[in-house]
Amino acid sequence: MKYILVTGGVISGVGKGVIASSFGTLLKSCGINVTSIKIDPYINIDAGTFSPYEHGETYVLDDGGEVDLDLGNYERFLDVTLHRDNNITTGKIYQDVISKERKGFYLGKTVQVVPHVTDRIQEWVEEVAFRSVSQDGKSPEVCIIELGGTIGDIEGMPFVEAFRQFQFRVNLENFCVAHVSLVPQPKATGEPKTKPTQASVRELRGLGLSPDLVVCRSECPITEVVKKKISMFCHVPPEQVLCIHDVTSIYRVPLLMDKQGILEFFIKRLKLNIPFPRPRKYMHKWKSLADRVDSLRKEINIALVGKYTTLEDAYASVSKALQHAAVAVGYRVNITYIESVDLEKSSQAANSVSYHEAWQKLCKSDGVIVPGGFGSRGVEGKIEACRWCRETNKPFLGICLGLQAAVIEFARNVLGLTEANTAENDKNTKHPVVIEMPEYNPSDMGGTMRLGRRITEFKSDSSILKQLYQKDKIEERHRHRFEVNPEYIQQFEDKGFHFVGHCEENKRMEIAELDDHPYYVSVQFHPEYLSRPLSPSPPFLGLILASSGKLNNYLHRGCRLSPRDLSDEDLSDGEIVDLADSTGHLSLSSSSSIQPGDKSLN
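In this text the structure is predicted, and so the values were computed from the model without any measurement. (Residues numbered from 1 in each chain as written. Predicted model: local features only at pLDDT ≥ 70, side-chain atom pairs only at ≥ 80, totals over all residues. Heavy atoms only, no water.)

A. Quick look at the overall build of the protein. When you go through the protein residue by residue, the secondary structure sums to 20 helices and 23 strands. On C-alpha atoms alone, the protein measures out to a radius of gyration of 25 Å, which is about the 25 Å that the 2.2 N^0.38 rule sets for 602 residues. If one aligns the C-alpha atoms of the protein with their principal axes, the spans along those axes are about 70 × 65 × 50 Å. In the protein, buried positions account for 59% of the 602 residues. In the protein, once contacts between residues fewer than 6 apart in sequence are set aside, the share between residues at least 24 apart is 72%. Here the protein has roughly 24,600 Å² of accessible surface; of this, 48% comes from carbon and sulfur atoms. Looking at charge distribution, the protein has the averaged site of its 71 positive side-chain charges lying 5 Å from that of its 79 negative ones. (Helix = DSSP H or I, 4+ residues; strand = E, 2+ residues; numbered from the N terminus. Rg over C-alpha atoms; globule rule 2.2 N^0.38 Å. Buried < 20%, exposed > 50% of the residue type's maximum accessible area, 1.4 Å probe, protein only. Contact = heavy atoms within 4.5 Å. Areas by Shrake-Rupley, 256 points an atom, 1.4 Å probe, with all protein chains shown as cover. Lys, Arg positive; Asp, Glu negative; His and termini not counted. Charge placed at Lys NZ, Arg CZ, Asp CG, Glu CD.)

B. Representation of the sheet that holds strand 10 (residues 299–306) within the structure. If you walk across this open sheet you meet the 9 strands as 11-10-12-13-21-20-19-16-17, and the pairing is mixed. The open sheet terminates on both sides in strands that have one partner only, identified here as strand 11 (332–339) and strand 17 (473–480). On average, adjacent strands in this sheet sit at an angle of 25° to one another, irrespective of strand direction. Across 3 bridges, the pairing between strand 10 and strand 12 (residues 367–370) is parallel. Across the sheet, L304 pairs through a bridge with I369, a residue of strand 12. (Pairing = 2+ DSSP bridges. Axes fitted to C-alpha atoms, helices over the stretch in contact; angles between N-to-C directions.)

C. A look at the packing of aromatic side chains. Taken as a whole and assessed by the stated rule, the structure comprises 21 aromatic pairs. Both rings, one in F77 and one in W286, keep their centres 5.2 Å apart while their planes meet at 25°; by these two values the pair is stacked. Of this pair, F77 sits in helix 3 (residues 70–78) while W286 sits in helix 11 (residues 284–295), and the two are 209 residues apart along the sequence. You'll find F77 and W286 in the same group, each marked buried. Chaining the aromatic ring pairs together yields one cluster made of Y3, F163, F166 and F175. If you follow K100 out to its NZ or CZ, it ends over the ring of F105, 4.9 Å from the centre. Here K195 stacks its cationic end above the ring of F233, 5.9 Å away from the centre of that ring. (Phe/Tyr/Trp six-rings, centres within 6.5 Å; stacked < 30°, edge-to-face > 60°. Lys NZ or Arg CZ within 6 Å of the ring centre and 35° of its normal.)

D. Representation of the pattern of salt bridges. What the rule picks out here adds up to 37 salt bridges. Measuring nitrogen to oxygen at the nearest pair gives 2.6 Å for the salt bridge that ties D62 to R477. Note that D62 is positioned in the loop between strand 3 (59–60) and strand 4 (66–67) and R477 in strand 17, a separation of 415 residues in sequence. Taking relative accessible area as the criterion, R477 reaches 0% and is therefore assigned buried. (Salt bridge = Lys/Arg side-chain N within 4 Å of Asp/Glu carboxyl O.)

E. Broad picture of a nonpolar patch on the surface. A cluster of nonpolar side chains, namely Y94, I98, V113 and V114, defines an oily patch on the protein surface of about 320 Å² accessible area. For the nonpolar patch, the elements supplying multiple residues, two or more each, are helix 4 (90–102) and helix 5 (113–129). Owing to a relative accessible area of 31%, Y94 belongs among the partly exposed residues under this scheme. (Patch = residues over 30% accessible without salt bridge, like charges linked within 9 Å, V, L, I, M, F, W, Y side chains within 5 Å.)

F. Seen up close, helix 12 (residues 316–329). In a regular helix each residue adds 1.5 Å, so 14 residues correspond to 20 Å; helix 12 covers 20 Å between its end C-alpha atoms and thus fits that length. Burial of helix 12 is extensive: 13 of the 14 residues sit out of reach of the surface. Looking one or two residues past helix 12, G330 carries a phi angle of roughly 95°, positive in sign. (Expected span 1.5 Å × (residues − 1).)

G. Layout of the sheet that holds strand 7 (residues 175–182). Strand order in the open sheet formed by 7 strands is 5-2-6-1-7-8-9, and the pairing between neighbours is parallel. Edge positions in the sheet fall to strand 5 (87–89) and strand 9 (241–245), since each of these pairs with one other strand and no more. Strand-to-strand twist of the sheet, defined as the mean angle between neighbouring strand axes without regard to direction, takes the value 20°. Sheet analysis places strand 2 (residues 34–40) next to strand 5, joined by 3 bridges and oriented parallel. Residue K38 lies in a different strand from strand 5, and its bridge partner there is N87.

H. Structural detail: the nonpolar core. Ranked by internal contacts, the top residues of the largest apolar core, which has 54 residues, are I4, F23, L27, M257, I262 and F266. Excluding its chain neighbours within four sequence positions, the residues that come into contact with F266 are I4, F23, L27, C176, L213, K271 and L272. By size, the runner-up hydrophobic cluster in this structure holds 44 residues, among which are I335, I474, Y554 and L561. (Core = buried A, V, L, I, M, F, W, Y, C linked by side-chain atoms within 4.5 Å.)

Right under this line is the structure:
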């Protein structure tokens with residue numbers, strides 16, 4: 001096993017996740033099986049109890065693990081299926097060590113950070129590194145480890161010490177360190193400043209880890225003079241100083257790395273068995289994807305009505321899924337974030353400017369998405385957005401709480417149950433159309449929801465989503481503790497609000513669609529978690545198609561787009577969008593070979 005440790009300096013959020021994912025993308029394109037581990041030094045057991053404002057979205061894995069959003073980056077870039085143990089936290093390590101101490105595992109020894117905690121970190125990494133994350137079941141050959149936070153954080157010290165020891169445990173030829181650091185370029189001088197990077201590398205070296213690579217993040221490309229200066233003061237060869245400046249899309253990052261010879265370094269440093277010349281289709285899909293994203297000219301406007309819109313990372317997977325779907329149809333998506341509270345009637349008096357601005361943004365949109373969330377704040381605004389989409393025939397996609405908001409709105413305004421509500425907001429409501437699941441344990445908040453990948457069965461052949469998925473059963477990831485009350489289902493069905501997808505036990509309502517509407521679809525699961533750049537999620541693709549007026553033609557052609565439907569004029573006549581992925585998600589294919597440089601997704 002080869003290990004690549006990615007650390008960060010100067011500031012957090014410098015882009016370690018994208019850098020680590022790009023390393024894996026390049027290696028996987030050469031036929032190397034790759035896995036990823038994200039280390040978060042916080043004491044929480046997992047990310048499940050975080051406020052979205054605190055740490056962005058909580059990403060959910062197939063096995064129900066609630067993890068850091070960076071694991072979403074890994075899954076999207078590498079197209080792998082990670083496990084909950086691929087996210088290591090201080091809380092998990094200490095919980096494991098303390099549990100063993102209580103059972104007498106340490107035989108009366110004094111349990112300390114060194115060696116007991118650091119040993120457990122190393123053991124955990126080795127155990128997880130060999131677990132398969134690919135569909136073929138093959139063991140990984142390279143494990144990329146991202147250490148969260150910045151070097152010098154007190155929370156990360158045990159992990160840095162663990163990897164100082166680990167490099168000798170696995171031998172130096174199997175372990176290398178990539179340090180990602182910010183190179184600021186103050187506008188007052190316009191000159192890149194290397195001092196922060198020098199100080200960060202000095203601190204890392206003082207803790208016993210010498211970086212093999214220094215990855216410089218900057219706003220603009222840095223010159224060779226600056227690279228040589230960093231090389232001299234950070235004790236690495238100039239060719240091992242990489243510059244990753246701001247690019248047009250994150251899909252350009254692996255290509256930018258490739259141009260700077262990162263693969264040659266990995267082959268030499270880690271003794272990787274990568275054949276030369278490169279495989280015939282080496283990075284072909286990524287080049288086509290990056291070219292296509294940059295060449296998109298037509299735009300589509302999607303309004304996202306959420307509760308945590310002041311931090312866009314709270315909806316990271318949703319925004320990525322919208323981008324994947326829009327690119328597939330040939331559009332550049334503009335996402336307008338609308339705080340759901342601002343749509344509520346009570347806001348009209350309290351803050352009339354925000355109220356009218358929010359409604360103006362909603363009215364200007366081509367389509368609307370209402371994502372998940374928890375708590376009572378802003379729910380009435382989500383319900384108002386659902387009502388407006390239903391009444392104006394605006395394409396709409398509701399996810400999790402978005403489904404529940406659509407159910408409440410329909411019950412109030414169509415079924416005449418004016419006091420209908422969710423038991424989460426009003427436990428004494430006369431018409432609880434959304435209720436708490438019986439197995440939910442409110443006394444224990446961590447990991448007690450309905451989590452992970454589960455099967456949904458379609459009950460109607462005329463369902464729009466069934467046509468998009470082209471399957472009788474689908475598997476999607478869930479994260480919820482409330483469900484639609486089955487006692488009211490018949491009333492909804494009688495009025496044209498159909499629950500076309502149920503769980504395997506036929507107890508829970510998973511998918512709802514409205515009659516006589518261009519696209520009014522809501523789902524209990526979270527389809528955004530399984531969306532991939534080259535395989536967009538069907539519910540999101542349906543929203544983009546409906547918002548651009550292409551859905552009917554797409555369905556009529558058997559879930560294919562004609563060249564005229566694609567918005568870029570320079571696409572080849574043979575290109576089609578086809579449901580060909582075995583996972584039930586959309587993949588892009590072509591009836592003719594695509595040459596390098598073609599602006600198409602292959």
